[in-house]
Amino acid sequence: MPKRFGVGPPWWHGRFRECGYRLTTPRESILDVLSKTSKHLSAEDIYLEVHNIYPTIGLTTIYRTLGLLVQMGFVSKFDFGDGRARYELSMGPKSVGHHHHLVCTSCGRVIDYTDFIEEEKELLSKTEKELSKRYNFKISNHLIQFYGLCERCKNKK
Ligand SMILES: [Zn+2]
Ligand SMILES: [Zn+2]
Ligand SMILES: [Zn+2]
């Protein structure tokens, strides 16, 4: 097991038990890495981090484990349009909770924001309501990403 900081077992132990999955070293290592960053990491980034604490792990295991963690709802998978999937913790005390993204297409910076403007919340709830009706579809979540230039890149132009 990788070395952990702090006291007591991390919050994900209970959830693994509930779901009936074993908490293996790769699973725990990946959650550990993701819980210590606010960045959106690619599978390769995660691999490099986990590799430090668990040198025998392979990239295939990382991909497979990430797939399971996404399926279990621990981790969210995103595509920011640069050809690499990114992963982010979607539960637990360290997670930002439901948020939207501002993606800079120049430097790749991703801003997580939760301070939704009123119009945005209103538009989304209306849209979801109408779509559910029109397609008889039960919407459980959505993914909102805006692409453009961040403050730094905008000023460089
Ligand atoms: Zn939202
Ligand atoms: Zn930028
Ligand atoms: Zn995010």
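Residues numbered from 1 in each chain as written. Chains lettered and ligands numbered in written order. Predicted model: local features only at pLDDT ≥ 70, side-chain atom pairs only at ≥ 80, totals over all residues.

**Points about the overall build of the chain**
Stage number 1. What the chain contains, in helices and strands, is 6 helices and 6 strands.
Stage number 2. Principal-axis analysis of the C-alpha atoms places the extent of the chain at approximately 45 × 45 × 30 Å.
Stage number 3. By residue count, 17% of the 157 residues in the chain fall in the buried class.
Stage number 4. Once local pairs closer than 6 in sequence are excluded, the contacts in the chain between residues at least 24 apart make up 52%. (Helix = DSSP H or I, 4+ residues; strand = E, 2+ residues; numbered from the N terminus. Buried ≥ 20, exposed ≤ 12 C-beta atoms within 10 Å, placed from the backbone. Contact = placed C-beta atoms within 7 Å.)

**Let's talk about the nonpolar core**
Stage number 1. Within the largest apolar cluster, 16 residues are counted, with the highest numbers of intra-cluster contacts made by Ile30, Leu34, Ile46 and Val75.
Stage number 2. Of all the secondary-structure elements, those providing two or more residues to this core are helix H2 (25-35), helix H3 (43-53), helix H4 (59-71) and strand S3 (85-89).
Stage number 3. With 4 residues, the top contributor of residues to this core is H2.
Stage number 4. Here Val75 is in contact with Leu34, Leu66, Leu69, Val70, Tyr87, Glu88, Leu89 and Ser90, once residues within four sequence places are set aside. (Core = buried A, V, L, I, M, F, W, Y, C linked by C-beta atoms within 7 Å.)

**Focus on the sheet that holds strand S5 (residues 110-113)**
Strand pairing in a sheet takes place through backbone hydrogen bonds and is either antiparallel or parallel in direction.
Stage number 1. Spatially, 3 strands are ordered S5-S4-S6 in an open sheet, and the strand pairing comes out mixed. Every other strand in the sheet has two partners, leaving S5 and strand S6 (145-148) as the edge strands with one partner each. Each neighbouring strand pair of the sheet contributes to a mean axis angle of 20°, computed without reference to strand direction.
Stage number 2. Relative to S6, strand S4 (residues 100-104) runs parallel, the two being bridged by 4 bridges. Bridge pairing links His101 to Gln145 in S6. (Pairing = 2+ DSSP bridges. Axes fitted to C-alpha atoms, helices over the stretch in contact; angles between N-to-C directions.)

**Thoughts on the sheet that holds S3**
Stage number 1. Read from one edge of the open sheet, 3 strands run S1-S3-S2, paired in antiparallel fashion. Whereas interior strands pair on both sides, the edge strands pair on one side only; in this sheet they are strand S1 (41-42) and strand S2 (75-79).
Stage number 2. Strands in contact with H2 are S1, S2 and S3; relative to S3, the strand with the most contacts, it is inclined by about 85°.

**Focus: H2**
Stage number 1. Here H2 lies mainly inside the structure; 9 of its 11 residues are buried.
Stage number 2. Those residues of H2 that fall on the buried side of the exposure criterion are Pro26, Arg27, Glu28, Ser29, Ile30, Leu31, Asp32, Val33 and Leu34.

**Concerning the domain arrangement of the chain**
Stage number 1. Domain annotation of the chain identifies domain 1 (1-91) and domain 2 (98-157).
Stage number 2. Relative placement of domain 1 and domain 2: their C-alpha centres are 25 Å apart.
Stage number 3. In this complex, domain 1 contributes 4 residues to the contact, which on the side of domain 2 involves 4 residues. (Domains from an automatic or database assignment.)

**Let's talk about the packing of H2 against H3**
Stage number 1. Between H2 and H3, whose axes approach to 10 Å, the crossing angle comes to 115°. Like other packed secondary-structure pairs, H2 and H3 cross with a definite hand, here right-handed. From H2, Ser29, Ile30 and Val33 reach across to H3, where they touch Ile46, Glu49, Val50 and Ile53. (Left-handed = near helix turned anticlockwise from the far one by under 90°.)

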